[in-house]
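# Commentary on secondary and tertiary structure
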Amino acid sequence: MTTPTVYEWAGGAEALLRLTEVFYDKVLADPLLAPVFAHMSDQHREHVAIWLGEVFGGPSRYTDELGGYPAMLSHHLNLGLTEDQRARWAALIAASADPAGLPDDPEFRSAFVAYVEWGTRIALANSQPGATPPPKAPVPKWGWGEAPPYQP
């Protein structure tokens, strides 16, 4: 028996798109984050879902269609995000998992929240004036860490 990817376990592209729909509705209603995302494109939600899909072991669509890590990096450079904004972003996406119907087992939620914490901290660092992140790193590949899902 093979262990499914986090992407497969989450429910694939449809589940991650549901997540980003729920999440960005919360973001746009949040006084701390709404100004940061006030001018996001109509495709932003889908693009974030595609990013998460690739990160969690799904198809390499973000790399193949949207420019990969360099493109994601370019969206964060010089934004000057604050720790409060980072923490709110992380809290809101975690709080969006239940309404979006993502799996609620501890293994999935642990992997999901671990990536969110890691990724938002990288985004925060890369958003600071004068940051010099690696310009050509690959899209990260996030797995189960120490606790893969239990499969009877």
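Once a new chain begins, its residue numbering starts again from 1 and follows that chain's sequence as written. Local features in a predicted model are, by the rule used here, given only for residues with pLDDT of at least 70; side-chain atom pairs are given and counted only at 80 or more, and totals for whole chains, interfaces and linings are based on all residues. Values reported for side chains reflect all heavy atoms of the structure, with hydrogen atoms and water molecules removed beforehand.

The name given to the protein in an unreviewed UniProt entry is Group II truncated hemoglobin, with the source organism recorded as Kribbella sancticallisti.

## What to know about the environment of Ile 122
Our working rule: Under the DSSP-based scheme used, a helix requires at least four consecutive residues in state H or I and a strand at least two consecutive residues in state E, with every element numbered from the N terminus.
Mapped onto the elements of the fold, Ile 122 is located in helix 8 (residues 106-126). Linking Ile 122 and Gln 85, residues 37 residues apart in sequence, is a C-alpha distance of 13 Å.

## Quick notes on the pattern of salt bridges
This is how it is decided: A pair is scored as a salt bridge if a Lys or Arg side-chain nitrogen falls within 4 Å of a carboxyl oxygen belonging to Asp or Glu. Type-normalised accessible area, obtained with a 1.4 Å probe on protein chains alone, sets the label of each residue: buried when under 20%, exposed when over 50%, and partly exposed for intermediate values.
Overall, the coordinates contain nine salt bridges when judged by the stated rule. A salt bridge links Glu 21 to Arg 45, with the shortest nitrogen-to-oxygen separation between them at 3.1 Å. In this pair, Glu 21 sits in helix 2 (residues 12-28) while Arg 45 sits in helix 4 (residues 44-55), placing the two residues 24 residues apart along the sequence. What makes Glu 21 partly exposed here is its relative accessible area of 35%. Arg 86 is paired through a salt bridge with Glu 83; the nearest N and O atoms lie 2.9 Å apart. Residue Arg 86 and its partner Glu 83 are located together in helix 7 (residues 83-96), separated by three residues, close to a single helical turn. A residue is classified by how much of its surface remains accessible, and Glu 83, at 36% relative accessible area, is partly exposed. Bridged by salt links that share partners, the residues Glu 83, Arg 86, Glu 117 and Arg 121 form one connected network.

## Things to note about the environment of Leu 79
Locating Leu 79 in the fold gives a position in the loop between helix 6 (68-74) and helix 7. Expressed as a C-alpha distance, the spacing of Leu 79 and Val 113, which sit 34 residues apart in the sequence, is 23 Å.

## Side note on the side chain of Asp 105
Inclusion rule: Two N or O atoms count as a polar contact when they lie within 3.5 Å, although within protein this holds only if one can serve as hydrogen donor and the other as acceptor, and sequence-adjacent residues are included solely when both atoms are side-chain atoms.
If you trace the backbone, Asp 105 turns up in the loop between helix 7 and helix 8. One polar contact links Asp 105 to Trp 9, side chain to side chain, over a distance of 2.7 Å. There is a polar contact of 2.8 Å between the side chain of Asp 105 and the backbone nitrogen of Phe 108.

## Quick notes on the nonpolar core
Where we set the bar: Buried residues of nine kinds, namely Ala, Val, Leu, Ile, Met, Phe, Trp, Tyr and Cys, make up a nonpolar core once their side-chain atoms join them within 4.5 Å. Whether two residues are in contact is decided by their heavy atoms, any of which lying within 4.5 Å being enough.
Membership of the largest hydrophobic core comes to 38 residues, with the highest contact counts inside it found for Trp 51 and Leu 52. If you list the elements that add at least two residues to this core, you get helix 1 (6-10), helix 2, helix 4, helix 6, helix 7 and helix 8. Setting aside residues up to four positions removed in sequence, Leu 52 forms contacts with Leu 16, Leu 19, Thr 20, Ile 93 and Tyr 115.

## Notes on unusual backbone geometry
Positive phi values are uncommon outside glycine, yet Asn 78 reaches one of about 65°. Along the chain, Asn 78 turns up in the loop between helix 6 and helix 7. Owing to a relative accessible area of 57%, Asn 78 belongs among the exposed residues under this scheme.

## Remarks on the packing of aromatic side chains
Quick note on the threshold: Aromatic contacts are taken between Phe, Tyr and Trp rings whose centres are within 6.5 Å, Trp giving its six-membered ring; a plane angle under 30 degrees counts as stacked, one over 60 as edge-to-face, and the others as tilted.
This model, assessed by the stated rule, comprises eleven aromatic pairs. Seen in terms of ring centroids, Tyr 115 and Trp 118 are 6.0 Å apart; in terms of plane orientation they differ by 45°. Their pairing is tilted. Of this pair, Tyr 115 and Trp 118 both sit in helix 8, three residues apart, roughly one helical turn. Assessed through its relative accessible area of 39%, Trp 118 is described here as partly exposed. Cluster of aromatic residues (ring-pair linked, three or more members): Phe 56, Phe 108, Phe 112, Tyr 115, Trp 118 and Trp 142.

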